[in-house]
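These are the residues of each chain, in order.
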Amino acid sequence: MNSSVPRKYMQRTEIRDIQEKKLRDLLGYLALNSPYYQKIFSQHKTDIQQITQLEDLVLLPTTSKEDLQLHNDEFLCVPRESVIEYTSTSGTLGSPVTIALTEKDLERLAYNEFKSFTCAGGRSDDVYQLMLTLDRQFMAGMAYYSGIRKLGAGIIRVGPGVPSLQWETILRLKPTVLVAVPSFIVKLIRWALDHQIDMASSSIQKAICIGENIRQPDFTLNLLGKKIKEAWDIQLYSTYASTEMQTAFTECEAGMGGHHQPDLVIVEILDEQDQPVRSGEAGEVTITTLGVEGMPLLRYKTGDLCIAHEEQCICGRHSLRLSPVIGRKKQMIKFKGTTLFAPALFDLLAGMEDISDFVAEVFSNEIGTDEVLLHLLPVKYSEESDHRIRAYLQAKLRVTPQIKYVNAEAIQKLQFPGTGRKPVKFIDNRV
């Protein structure tokens, strides 16, 4: 790491003071402007004047994804004419949710990604190649674009897919940073190897990895991260974000978790009873947005299970760091006595040389327990490859899921069943 330039980061006391002041401001704002939280405060007889410090958050009810889906319009705190942009969640765990943003929210979003890219070592002389959609109400694409503009760096909007076009652009315009889903970077590598492109001599120095884990909970690279790093020696930065929180957690050069932006969001890690877990334990990431004008959220449960790390990072920051997502509450699988989380299963599948893509389907069998069916796109099917795949899964999982081999067209239909912008990797057909 480059430590030649001293940087001043907020101390823990400063972080706490800022968060508690902004929390009090938020509660007053919600009580005046949010139809949903006005109703919740009334139902729970909540006296917001009693909420003065972070520890008091447990006195407030949590907000679930279902609440946001069922009462979406009631979360809007401004008149419709103040809304500048309508975005939506991807609908990975249910029907999509609309998130409305004001001009102030768009400025906050740009600031968020400016801080994120800066945390990941971004500079004004970088050139970012965006390998993601900027349409379909996708907040993240717009946020990345706005943040890079605020950074003063160059932007190349190529969009998702098409490895040949991505490489033609890399070789012609010489970007220094990729912003992409890591499993697509694997496809870029495969295309480069097939077409004798010398990746080591390209202009790319690093990749901001979005949407998928590249690390284990101990911050070592997982199989997907290793597959990228072993083939292409570029710096990898992991990120974690959601549309609802309008904030990102991004790694610094140390690669030891996504850094919290304390002036933009309060983070709690909660157990099943909505109480804070003990230090070092995994729990559900629960966020309270700060500085959001259009649709602020109070104690919103994301469904993502992470570990929070509060010790100072070697980069000098005192902000909390989040581990990679260990699992999602709704994607926990109980299979033949074994508990599986989708991210761990995805990591295993991404590391297999014999398959190039996959979709995991879970359904209930005749006795009501979970069954797992893996739709696999083989690199080249043979009895030998089938044996290797089954033996690998048995060794790693201790149980053997059902396997169905499919072609590229079938996997495309499974991953993009409608107008979704993210590939579907998990299909939950449980009753």
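A brief structural summary.

Cut-offs and rules
Residues numbered from 1 in each chain as written. Predicted model: local features only at pLDDT ≥ 70, side-chain atom pairs only at ≥ 80, totals over all residues. Heavy atoms only, no water. Helix = DSSP H or I, 4+ residues; strand = E, 2+ residues; numbered from the N terminus. Rg over C-alpha atoms; globule rule 2.2 N^0.38 Å. Buried < 20%, exposed > 50% of the residue type's maximum accessible area, 1.4 Å probe, protein only. Contact = heavy atoms within 4.5 Å. Areas by Shrake-Rupley, 256 points an atom, 1.4 Å probe, with all protein chains shown as cover. Lys, Arg positive; Asp, Glu negative; His and termini not counted. Charge placed at Lys NZ, Arg CZ, Asp CG, Glu CD. Salt bridge = Lys/Arg side-chain N within 4 Å of Asp/Glu carboxyl O. Core = buried A, V, L, I, M, F, W, Y, C linked by side-chain atoms within 4.5 Å. Pairing = 2+ DSSP bridges. Axes fitted to C-alpha atoms, helices over the stretch in contact; angles between N-to-C directions. Parallel < 35°, antiparallel > 145°, perpendicular 65-115°, else oblique. Left-handed = near helix turned anticlockwise from the far one by under 90°. Arc of directions from axis to C-beta. Phe/Tyr/Trp six-rings, centres within 6.5 Å; stacked < 30°, edge-to-face > 60°. Lys NZ or Arg CZ within 6 Å of the ring centre and 35° of its normal.

As a further point, take the overall build of the chain. Counting its secondary structure elements, the chain contains eleven helices and 20 strands. On C-alpha atoms alone, the chain measures out to a radius of gyration of 22 Å, which is about the 22 Å that the 2.2 N^0.38 rule sets for 431 residues. Its C-alpha atoms give the chain principal-axis dimensions of roughly 70 × 60 × 45 Å. For the chain, buried positions account for 53% of its 431 residues. Long-range contacts, defined as pairs at least 24 residues apart, comprise 66% of the intrachain contacts of the chain with a sequence gap of at least 6. As presented, the chain carries roughly 20,100 Å² of accessible surface, and 51% of it is formed by carbon and sulfur atoms. Between the averaged position of the 49 positive side-chain charges in the chain and that of its 54 negative side-chain charges there is a distance of 2 Å.

Counted according to the given criterion, the structure contains 22 salt bridges. K21 serves as the salt-bridge partner of D25, at 3.0 Å between the closest nitrogen and oxygen. Separated by four residues within a single helix, D25 and K21 lie in helix α1 (residues 12–33), roughly one turn from each other. Residue class for D25 comes out partly exposed when judged on its relative accessible area of 44%. Via salt bridges that share partners, R16, E20 and E55 belong to a single interconnected network.

Turning to the nonpolar core, a few remarks are in order. The nonpolar side chains of a soluble globular protein tend to be buried, and buried together. Grouped together as the largest cluster of nonpolar side chains are 48 residues, with contacts concentrated most on L27, Y37, F41, V285, L298 and L322. Elements represented by at least two residues in this core include exactly α1, α2 (35–43), β2 (98–101), α4 (103–119), α5 (139–151), β10 (265–270), β11 (282–289) and β12 (300–309). Residues contacting Y37, with those up to four places away along its chain left out, are L30, T63, F75, P296, L297 and L298.

Before going further, it helps to spend a moment on helix α9 (residues 342–350). Among the nine residues of α9, seven are classified as buried, and the element is accordingly described as predominantly covered. Every buried residue of α9 is listed here: A342, P343, L345, D347, L348, L349 and A350.

Glancing now at the environment of L270. Along the polypeptide, L270 turns up in strand β10. With 228 residues separating them in the primary sequence, L270 and S42 have C-alpha atoms 24 Å apart. Excluding residues within four positions of it along the chain, L270 makes contact with T62, Q275, P276, V277, G283, E284, T286 and R299.

The next subject is unusual backbone geometry. In the Ramachandran plot, V162 falls in the positive-phi region, its phi being about 55° despite a non-glycine side chain. Note on placement: V162 falls in the loop between β4 (154–157) and α6 (163–173). Given a relative accessible area of 45%, V162 falls into the partly exposed group.

Turning to the pairing of strand β7 (residues 235–242), a few remarks are in order. In terms of burial, β7 is a largely internal element, six of the eight residues being buried. What sits between β7 and strand β8 (residues 247–250) in their antiparallel hairpin is a turn of four residues, with Q246 showing a positive phi close to 50°.

Okay, the sheet that holds strand β17 (residues 355–364) next. Sheets are built from strands that pair by backbone hydrogen bonding, the pairs being arranged parallel or antiparallel. Taken together, the four strands give an open sheet; going across it, the order is β19-β18-β17-β20, and neighbouring strands pair in mixed fashion. Two strands in the sheet have a free side with no partner beyond their single neighbour: β19 (402–405) and β20 (426–429). Mean inter-strand twist for the sheet, computed between neighbouring axes without regard to direction, equals 20°. Across four bridges, the pairing between strand β18 (residues 370–378) and β19 is parallel. Looking at the pairing, H375 lines up with K404 of β19.

Between α4 and α5, the shortest axis-to-axis distance is 7 Å and the interhelical angle comes to 70°. Here α4 is positioned roughly perpendicular relative to α5, judged by the angle of their axes. Considering only the axes of α4 and α5, their crossing is right-handed. Contact residues: α4 offers L106, L109, A110, Y111, E113, F114, F117 and T118, while α5 offers M139, M142, A143, Y144, S146, G147, I148, K150 and L151.

All right, on to α6 then. Three or more residues of α6 are buried, namely Q166, W167, T169 and I170. Seen along its axis, α6 keeps its buried residues to an arc of 160°; they face one direction. Among the structural elements, β3 (127–130), β4, β5 (177–180) and α7 (182–194) are those in contact with the buried residues of α6. K174 sits one or two residues past α6 and shows a positive phi near 55°.

Moving on, we come to the packing of aromatic side chains. Tallied over the entire structure, the rule returns ten aromatic pairs. Measuring from centroid to centroid gives 5.8 Å for F346 and F358, while their planes differ by 40°, and the two rings are tilted. Here F346 is found in helix α9, whereas its partner F358 is found in strand β17, with twelve residues between them in sequence. Since its relative accessible area comes to 7%, F358 is described here as buried. One aromatic cluster is present, built from ring pairs that chain together Y36, Y37, F41 and F75. Against the face of F358 rests K425, its NZ or CZ located 4.4 Å from the ring centre.

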